[in-house]
Amino acid sequence: MFGHLQIKSAYSFQRSTILIKDLVKMAKEKHIDALALCDKDNMYGAYEFYEECTKANIKPIFGLEATVLINGEHYPMTLLAIDDQGYFDLISLTSKINLSKERAIVLDDLIPYVAHLLIISASDEGIVERLVLKDMEKEAEKYLRRFKEMFKDHYYIMIQNHHIALQKNRNERLIALAKYLNIKLLWGNDVCYLRKQDALAVDLMSASQEGRTLPVQYEVVSDERYLKSEEEIKACIPESLMEETARVVQMCKATIPQGIKNLPAYPTPANVSAETYLRELCKVGLKKRFKGQRVTKPYIERLSYELDVIHSMGFDDYFLIVWDYVQFSKKHHILVGPGRGSAAGSLVAYVLGITNVDPLAYDLLFERFLNPERVSMPDIDIDFQDDRRDEVVRYVIEKYGQNHVCQIVTFSTYGPRVAIKDIGKVMNVPLPRLEMIAKMVPTGPKNKKTITEVYQTSASFQSLINENKALRKLIGAMSVVEHLPRNISMHAAGVVLSRRPLSQSVPLVIGPSDMVMSQYSKDYIEKAGLLKMDFLGLKNLTMIDYILKDLHKEGYDLSLQDIPLNDQKTYEMLSRGDTFGVFQLESAGMRNLLRRMKPRELNDIIAAIALYRPGPMDNIPLYLKNRANQKEIVYLTEELKSILSSTYGIIIYQEQIMQIARIIAGFSLGKADMLRKAISKKNIKAMQMMKEEFIEGAINNRHSKEKAVEIYNLIEKFANYGFNKSHSVAYAIIAYQLAYLKANAPRIFFASILSNVGASSSTKLHCIQEAKKYGVKILSPSINKSTDRFTVEKEGIRYSLTAIKNVGYAGYRSISEEREKGPFIDLYDFLSRMEKTRMNKSMMDALIEAGAFDEFEKNRAYIKGNLDKMVEYVHLKNTIGVDEEPILDYIKEDRYRKLEEEKEVLGLYLTTHPLTYVKEKLSIPIVSLCDVSQYVGKSINVIMSISRVKSVVDKRGREMAFIEGQDDTSQQDCVCFSQSYERYKDSLKRGKIVAMEVRVQMRETLSLVVNKVKEIK
């Protein structure tokens, strides 16, 4: 067998350009029989590599270039797994390396693993290789003897030929030493790119990582580290090495064992079985759900059935684990969502309190969640309020131990813009030029392009590259690098649990926030036999939590369970499309659907969430038509009417497809779910087989063949679009709850949104504009009244101190702690009491400019202009008792400057907008931005302060721009096509105030097309 034993993939960050799929594809083309993946100190790609090689009928060999500690110094050694145990040994070793402070393993610690691994000296940086290169052969011999004694016949020396003079000389001496000491030799090519021309990209990434620069004249030392064919290797490697290497390729037979389950066990009280404990909890939970009323037969039967299935599939512990951390959350007043995904179809989850959706009340199917006819891992994802999610994760880690719980890795890809900047800086291309060409590469989801595509289609981009010698040289490397992973980060939600210590099942690494993470990404965790659970942080739950707390402060003890689902005020608000801040219902298209639908009950919201997606939204007109004319709906059979009447004759939900298959063809719900999945995944073979079964079953149920085919075709048509009703119900409940709170407590609702939007000035501005529609006033920050959140007062919502630039939470705490002793009487009192705190001048200036001292009835310019005198007086008074107030200067305030300074520290104009003053001086008729929707299809004049300009390249390679701006009433998006942008480009800059003639258009959203621009300020 011919195989490469030393390959680094792109997961050896900045050391390789090889993506695993590309590697396997090229290996197949070059008739390579085996590949060994030996990434630097990691196994991120091991499972992906195993799967891709297996599909291509190439032998996968698991390896690792491990950093080994020898005499206090770090040196690389290559390790190859001989058998399955060797694979697990590599997992253990890479975990030890990544979890240790040294990021290395001590040499002697390799000894226990020798039986199942090959240990190879295979690097220019290896200790033996370096000693030989330094003419210290006696020292090299000493280490070789030591390695042979430690690792016996599992120790090898690898000879490489990258056509480098120093390497050739070193190889001759290594071969002589190996023969003298009777150590076996292998050949190797340190493969870190697939093609010769990619060598430069590796050198550039390495230089970027190390902060080095290279001259424009730089040439690679060697371009021989590419994936060579057998003929190319034979041309540069002795035959004897080929034979020994082939024996090693044959020897390495490690696989990833399949079917091993490493699911955690829940510690039940008194050591009762998990099955018994789960059943008892469910009995108690069912009685609680019925609140003392008699439990009906359908619930008893459904619960018994679900528990039997759960036990037969071995998931009793799983449900207990989820129940436990949900109970922890509720006991500690951490808000938990009503459910997510197919788990809302489980009665067990409902009676345990894991979900808060009654599946029988909404026709939700357990088999959509757990299919007894197709064993797969359960998947209960839980939403927690996002500011307390980490508490739940910590609880799980403490309960099961850090050796049994970790989070999951994700990978950040370079992308075109980072690739351009990172690689360009290596050859000293000026950063402004790099940023300019980087912006010319579209990265949005709708018009995303690669560097190569932009270079081939944009004349201006091509011109900017070709006129610079360094960029001409780098463009090829940038095009390669943009597709590569750049670094690791942590999956936002995934948590892994295991019965055995994790390091025995999955390679581990310390993540950016010092959390232990699996090196396998989410796609491979379950395949490795581990349990993945998603702990999702949901901002909307945090908002709800704060709204409920604020209601409590005002004397209303409202819980989510108390919210009525038939509130007329809420449905009227939804029917107006007034859904700013309402989870799932905010988009312009959704608002338009709600206005047309005019929801009357929760089922309407459930349907809206399922319908408003690409594909299903094509059915919206028919849905609305049928809803308005229900008597005209024609059903293919009477049985279909019982399933589809709630959605007016249209299949919207996956559960409906399953119910049709059960009633028409006599399928079990398990088989019906397999049919649904086969169609949605476009599994042609499975579809054909199940179509025949469906038709046969329908005929057996007294339907004609023609009718059976017609019904199957209906299923096939909608299965691609069918939405998981369980998920739609759960999210509709959260949406309704937020809508109810907005309709009935708008001040508290908007205060909560403002407190949770983070640093986004545009979102704050939008929220303030929406609040004004409800007559809610936003009050300026107050040094005596403002807190770290936006708070509700009788007159309106008080602006937060922490939302002021340069204040921060630490600054707020120092003010708050002093304020607890009593309110600040005046400015002197404030300065005196705060003198010994860490409050600096920039924080003081920000508080003044934000209006935090306006209550002391001094204008802001006056305070700023006299601040030094006031501070000096306070200091003298506090230290030596001087009590003669200084004579302060009279300073008149410029109202424009006041507003600009206010915007600088708040991110928006709060007290008034300068455009209010500008409009007073204009003679032309101006339409306020809040009213432009009334002029669709017409040209109007607007005035706008520009907050953002995003220039992009259109299909013809010309520059156009998307513009965001606002006036004193609202904010709006504009588009300026290339012809107009070329003419008015200098006026369309962030911060400028312009009058524009625009045409109002409505497609998916409302936008203004810029025709003419006049700069005002």
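Everything discussed here concerns the structure shown above.
Residues numbered from 1 in each chain as written. Predicted model: local features only at pLDDT ≥ 70, side-chain atom pairs only at ≥ 80, totals over all residues. Heavy atoms only, no water.

## Considering the overall build of the chain
- When its secondary structure is counted, the chain shows 40 helices and 22 strands.
- The C-alpha radius of gyration computed for the chain amounts to 34 Å, which stays within 12% of the reference 31 Å derived for 1017 residues, consistent with globular compactness.
- Of the roughly 46,000 Å² of accessible surface on the chain, 49% is carried by carbon and sulfur atoms.
- Considering the chain, the positive charge centre built from 143 side chains and the negative charge centre built from 131 side chains are found 3 Å apart. (Helix = DSSP H or I, 4+ residues; strand = E, 2+ residues; numbered from the N terminus. Rg over C-alpha atoms; globule rule 2.2 N^0.38 Å. Areas by Shrake-Rupley, 256 points an atom, 1.4 Å probe, with all protein chains shown as cover. Lys, Arg positive; Asp, Glu negative; His and termini not counted. Charge placed at Lys NZ, Arg CZ, Asp CG, Glu CD.)

## What about the sheet that holds strand β12 (residues 508–510)?
- Spatially, six strands are ordered β9-β14-β11-β10-β13-β12 in an open sheet, and the strand pairing comes out mixed. Where the open sheet ends on each side, the last strands, each with one partner, are β9 (382–385) and β12. Averaged over all adjacent pairs, the angle separating strand axes in this sheet is 50 degrees, with direction ignored.
- Across four bridges, strand β11 (residues 485–497) lies against strand β14 (residues 531–538) in antiparallel orientation. Along β14, the bridge assignment pairs V496 with K532. (Pairing = 2+ DSSP bridges. Axes fitted to C-alpha atoms, helices over the stretch in contact; angles between N-to-C directions.)

## Focus: helix α11 (residues 297–312)
- Compared with the 22 Å implied by 1.5 Å per residue over 16 residues, the 23 Å span of α11 between its first and last C-alpha is a close match.
- Turning to α11, its buried residues are Y299, R302, L303, E306, L307, V309 and I310. The buried residues of α11 occupy one face: seen down the axis, they fall within an arc of 160 degrees. Of the exposed residues in α11, those oriented more than 90 degrees away from the buried face are K297 and S312.
- The elements touched by buried residues of α11 are α10 (274–289), α12 (316–331) and α13 (347–351).
- Just beyond α11, the residue with positive phi is G314, at close to 80 degrees. (Expected span 1.5 Å × (residues − 1). Buried < 20%, exposed > 50% of the residue type's maximum accessible area, 1.4 Å probe, protein only. Arc of directions from axis to C-beta. Contact = heavy atoms within 4.5 Å.)

## A word on the pairing of strand β20 (residues 971–976)
- Direction of pairing for strand β19 (residues 959–966) relative to β20: antiparallel, over a ladder of six bridges. Opposite I963, over in β20, you have C974 as the bridge partner.
- Counting the residues in the hairpin turn of β19 and β20 gives four residues.
- Summarising the sheet, β20 and strand β22 (residues 1006–1015) pair through two bridges and their orientation is parallel. Directly across from V975, in β22, lies its bridge partner V1009.

## Details of the packing of aromatic side chains
- On inspection of all chains with the given rule, the structure shows 43 aromatic pairs.
- Centroid distance F830 to F853: 5.0 Å. Interplanar angle 65 degrees. Geometry classified as edge-to-face. Of the two residues, F830 is situated in helix α35 (residues 827–834) and F853 in the loop between α36 (841–850) and α37 (860–880); the sequence distance between them amounts to 23 residues. Each member of the pair F830 and F853 is classed as buried.
- Members of the aromatic cluster, each reached through a chain of ring pairs, are Y47, Y50, F62, Y87, F88, Y520 and Y524.
- A cation over an aromatic ring shows up here: R789 above the ring of Y546, its NZ or CZ 3.3 Å from the ring centre. (Phe/Tyr/Trp six-rings, centres within 6.5 Å; stacked < 30°, edge-to-face > 60°. Lys NZ or Arg CZ within 6 Å of the ring centre and 35° of its normal.)

## Some thoughts on the pairing of β19
- Across eight bridges, strand β18 (residues 939–953) lies against β19 in antiparallel orientation. Note that in β19 the partner of V949 across the bridge is I963.
- Linking two consecutive strands that pair antiparallel, namely β18 and β19, is a turn of five residues; a positive phi of about 80 degrees is found at G957 within it.

## Section: the sheet that holds β22
- The five strands lie next to each other as β18-β19-β20-β22-β21, forming a closed barrel whose pairing is mixed. When the angles between neighbouring strand axes are averaged without regard to direction, this sheet yields 50 degrees.
- Sheet topology places β18 next to strand β21 (residues 993–1002); seven bridges connect them, and they run antiparallel. Considered in β21, the bridge of S939 is made with R999.
- In the packing of helix α39 (residues 914–921) onto the sheet, contacts are made with β18, β19 and β21, and the angle to β18 comes to roughly 130 degrees.

## Observations regarding the side chain of D317
- Relative to the helices and strands, D317 is located in helix α12.
- Summary of buried charges: D317 has no salt-bridge partner, and the nearest side chain of opposite charge, R499, is 4.2 Å away.
- Side-chain polar atoms of D317 contact the backbone nitrogen of Y266, separated by 2.9 Å.
- The residues touching D317, leaving out its near neighbours within four places in the chain, are P264, A265, Y266, A274 and R499. (Salt bridge = Lys/Arg side-chain N within 4 Å of Asp/Glu carboxyl O. Polar contact = N/O pair within 3.5 Å; in protein donor to acceptor, adjacent residues only side chain to side chain.)

## A look at unusual backbone geometry
- Phi is positive for D514, close to 65 degrees, though the residue is something other than glycine.
- For D514, the location among the structural elements is in the loop between β12 and β13 (516–518).
- Even without a glycine there, the phi angle at Y648 is positive, about 60 degrees.
- Looking at the secondary structure, you find Y648 in the loop between α26 (638–644) and α27 (654–665).
- The exposure class of Y648 is buried, given its relative accessible area of 8%.

## Here we look at helix α19 (residues 469–481)
- Given a rise of 1.5 Å per residue, 13 residues ought to cover 18 Å, and the 19 Å separating the end C-alpha atoms of α19 matches this to within 8%.
- The axis of α19 is deflected most strongly, by about 40 degrees, at I475.
- Listed in full, the buried residues belonging to α19 are A470, L471, L474, I475, A477, M478, S479 and V481.
- Where α19 is buried, its residues contact α7 (199–210), α15 (415–426), α16 (431–439), α17 (451–457) and α18 (459–466). (Bend = angle between axes of the 7 residues up to and from the residue.)

Note that all results are geometric; they support no functional claim without further evidence.
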